[in-house]
Every structure is written in structure tokens, then in C-alpha cells.
Amino acid sequence: MTTITLRHDQSFDLDGTLSCGQAFRWEKLEGWWQGVVDDRAIRIRQDANRLTFAGADAEFVCNYFQLDQDLPAILTSIDRDPAIGAAIRECRGLRLVRQQPWECLASYICATNTNIPAVKRRVTLMAERYGKAINGPFGTAYAFPEPEALAAACCADLRDCKLGYRADYVREAAAFASEHPDWAERVAALPFEEARQALMQFRGVGPKAADCVLLFAFGFFEAFPVDVWIHRIVAETYLPDLTGKNCTPAQYERIRRFARDYFGQYAGYAQEYLYCARGPARRPQ
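Per chain, residues are indexed from 1 in the order of the written sequence. Only residues with pLDDT of at least 70 are given local features in this predicted model, and only at 80 or more are side-chain atom pairs given and counted; all residues enter the totals for whole chains, interfaces and linings. Hydrogens and water are ignored here; the side-chain numbers use all heavy atoms of the structure.

Visitor: Is there a simple way to think about the confidence of the model for the protein chain in this case?
Guide: Values of pLDDT, which run from 0 to 100, indicate the predictor's confidence residue by residue. Considering every residue of the protein chain, the mean pLDDT works out to 94; 98% of them sit at 70 or more. Counting contacts from residues 280–285, a segment whose pLDDT is below 50, to residues more than four positions away or on other chains yields 11 contacts. Contacts between residues were defined by any pair of non-hydrogen atoms, one from each residue, lying within 4.5 Å.

Visitor: Honestly, unusual backbone geometry in this entry has me stumped. Any pointers?
Guide: Backbone phi values are negative for most residues with the exception of glycine, while trans is the configuration of most peptide bonds. One non-glycine residue, glutamate 30, adopts positive backbone phi at about 50°. Despite not being glycine, glutamine 66 shows a phi value in the positive range, around 50°. Put simply, DSSP H or I for four residues or longer makes a helix, DSSP E for two residues or longer makes a strand, and each gets a number counted from the N terminus. In this structure, glutamine 66 sits in the loop between α2 (58–64) and α3 (71–78). Buried residues are those whose accessible area, probed at 1.4 Å on protein chains only, stays under 20% of the maximum for their type, while exposed residues exceed 50% and partly exposed ones sit between those limits. Overall, glutamine 66 belongs to the buried group, its relative accessible area being 5%.

Visitor: When you look at the nonpolar core in this model, what are you seeing that I'm missing?
Guide: One recurring pattern in soluble globular proteins: nonpolar side chains tend to sit buried together. Here, the term nonpolar core denotes a set of buried Ala, Val, Leu, Ile, Met, Phe, Trp, Tyr and Cys residues that are joined through side-chain atoms within 4.5 Å. Of all hydrophobic cores here, the largest spans 79 residues; its most connected members are Ile84, Trp102, Trp183, Phe263 and Tyr273. Every residue in contact with phenylalanine 263, bar those within four places of it in the chain, is listed here: Ser77, Ile78, Arg80, Asp81, Ile84, Phe224, Tyr238, Ala270 and Leu274.

Visitor: Can you help me understand the side chain of glutamine 69 in this one?
Guide: Tracing the backbone through its elements, the reader meets glutamine 69 in the loop between α2 and α3. The residues contacting glutamine 69, other than those within four sequence positions of it, are Gln10, Ile74, Arg95, Phe221 and Tyr269.

Visitor: I would appreciate a short explanation of the environment of arginine 159 in the present structure.
Guide: Among the secondary structure elements, arginine 159 is positioned in helix α8 (residues 155–159). Classification of arginine 159 as partly exposed rests on a relative accessible area of 38%. Along the chain, arginine 159 and glutamate 179 lie 20 residues apart, while their C-alpha atoms are 23 Å from each other. Ignoring anything within four residues of it in the chain, the contact list for arginine 159 reads Gly164, Ala167 and Asp168.

Visitor: Any chance you could explain the sheet that holds strand β5 (residues 50–54) here in plain terms?
Guide: Sheet strands pair via backbone hydrogen bonds, and the direction of the pair is either parallel or antiparallel. When DSSP locates at least two bridges between a pair of strands, those strands are taken to pair. A sheet is described by the order of its strands in space; here 5 strands give the open sequence β1-β5-β4-β3-β2, paired in antiparallel fashion. The sheet is open, and its two edges are formed by β1 (2–5) and β2 (26–29), each paired on a single side. Here the strands of the sheet are splayed against their neighbours by 25° on average, with no regard to which way each runs. Pairing analysis gives 5 bridges linking strand β4 (residues 40–47) to β5, with the strands arranged antiparallel. For arginine 43, the partnering residue across the bridge sits in β5 and is alanine 54. In this description, a line fitted to the C-alpha atoms serves as the axis of each element, helices being fitted only across the stretch in contact, and the angle between N-to-C directions of two axes falls anywhere from 0 to 180 degrees.

Visitor: How do you make sense of the pattern of salt bridges when you look at a structure like this?
Guide: Any two side chains of opposite charge can pair, on the condition that their charged atoms come close. In what follows, salt bridge is the name for a side-chain nitrogen of Lys or Arg lying within 4 Å of a carboxyl oxygen of Asp or Glu. Counting across every chain of the model gives 17 salt bridges. Among the salt bridges present, the one from aspartate 39 reaches arginine 40, with a minimum N-O distance of 3.3 Å. Taking the shortest distance from any N to any O, the salt bridge between arginine 186 and aspartate 182 comes out at 3.0 Å. We classify arginine 186 as exposed; its relative accessible area is 52%. What makes aspartate 182 partly exposed here is its relative accessible area of 31%.

Visitor: How should I be thinking about α3 in this particular structure?
Guide: The α-helix winds at 3.6 residues per turn, so residues separated by three or four positions along the chain end up facing the same way. Residues of α3 that are buried include every one of Leu71, Ile74, Leu75 and Ile78, and no others. Projection of α3 onto a plane perpendicular to its axis shows the buried side chains occupying an angular sector of 95°, all on one side. Lining the buried residues of α3 we find α4 (82–91), α14 (249–263) and α15 (267–277). Working note: the arc is built from the helix axis to C-beta atom directions.

Next up, the structure:
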């Protein structure tokens, strides 16, 4: 086991970070979080300002949880009104993790029109069937499959992983990624709007999935994914003239551009805090 002491001036909430729905490979058992990141099976817990973990070194853990980011400065920059202020107080210490682009892309293709438990199940089944076995601190785990493994799979077998119609999309994305191994570097080098359009060239990747991948895997912190919760919060708090329960393409575009202008370069952090606070975020204090 390795232990690191967190800086007193940089808040971090491990539970909030790993339970907020941004990544799908983590579970909490008997006080420990267990998960797979890249080809590492990691076991980690937080006790006050100390992190104790196994399965990865301190540099990897700090990089994954982006402990080098100045979170107080980020939160100060987005703290524009009572609603986001309440969300920050409720969820302070939540950080965005730095995910591997291919796994993040495939996972969010699997996340369309569904809930988080279903996505976790799909990702786990794909890893167990097509991923590399890893001996970790909590037994055998499985890395997320490389693009080549999923590109070679037949759609019927992928559907056995509960993907449904998404099997075709995952297989096509895997084939592209295996044929263009520098695809992620190319996306990362683009300006935000161009990177967004590049991701939406993948079948099964719409505006929300693209924004999630840009935010969680590529570090485009201005991305502002809009789901039913964010649509509701923005309509109730910021744009009261939005109508209807469903977010139309025009409304999605309006919301994300409003958020970028209003919250600034860290609009994605505002999105995650509003989403994770949900109820409290709509009760200004």
C-alpha cells in the first residue's frame, strides 16, 4: 500500500469524484474503491487528507484524479450565483478524472438512452470477454478491450454484452480507432468546436456523448454536456423561457453556448457540480 498526503489548500472528495457518474469502472466495497484504469487494477480509500492505495504509483494516481489542478481557483471562477454556489458547497472536492480516450469514447457510445448501472454492466461484460486479465489487489480484473479486439468481434457477440443496437456503433468506432491509432492525438490537437465535430463523425456519438468525451478524456473543460437533469436545472435557474421536458437540438445548442459564455473556460466543472448536487443546486441559500 502507498499513502500520500493531500495538500491542505487543495480539496479532494474521493467518494464524490467516483460516485458522480463520470467513469464506469469503479465500485465501493467495505470502505474501499476498486476500479480499473488503463491496465491497472486499483484499490483506494480516503481518510481525511490521506489517500491509501495499491495497484498504481503516486504519480499515476495524482494524474488520474488531476490533483495538480488548482480546484479552489476553478470553483471561484464558476461561482457566479446562488445556485452554483449551493452546488459547490454541497460537492466541494469533486474533481474531474483524466480518462483514457478510447475507453471513454466506447463507454459513452454505450451510454446513450440508458442509465449508469446499465452502462457499467455493458462495460464490465466487454472487458471480461475481450479485455486483458490483470492481477490486482482485489483479485483478477480486466482492462478495457483494445480497439483491435472489439473491431474483430462479431456484432452478435457484442450484443451478448447487452449493447443492443449500440454493438454496431462500438464495432465501427473500434475499427476506425484500430486503423487510425493516432485518432485521439488528432482530436486533442484540434480547437474545441472542431474536436467536437470530429467526435460526432462516429456513428452513435451525438452532442451529449461528444461533450462528455471532450470533458472527461480530452481536457476540454469548456464542454457542457446536457442531459435531462442539466436541461431541467438550466431551465429553472438560468433560462426560464426554455419549454418542454425534452431537450431539442436547438435548446441543447443554446444551453451549451450560454454555459460557456456564463461560466467561462471551466463550464464543464459547473456542469458536473450542478449535476451532482441536483436538488441542492436548485435551492439557493
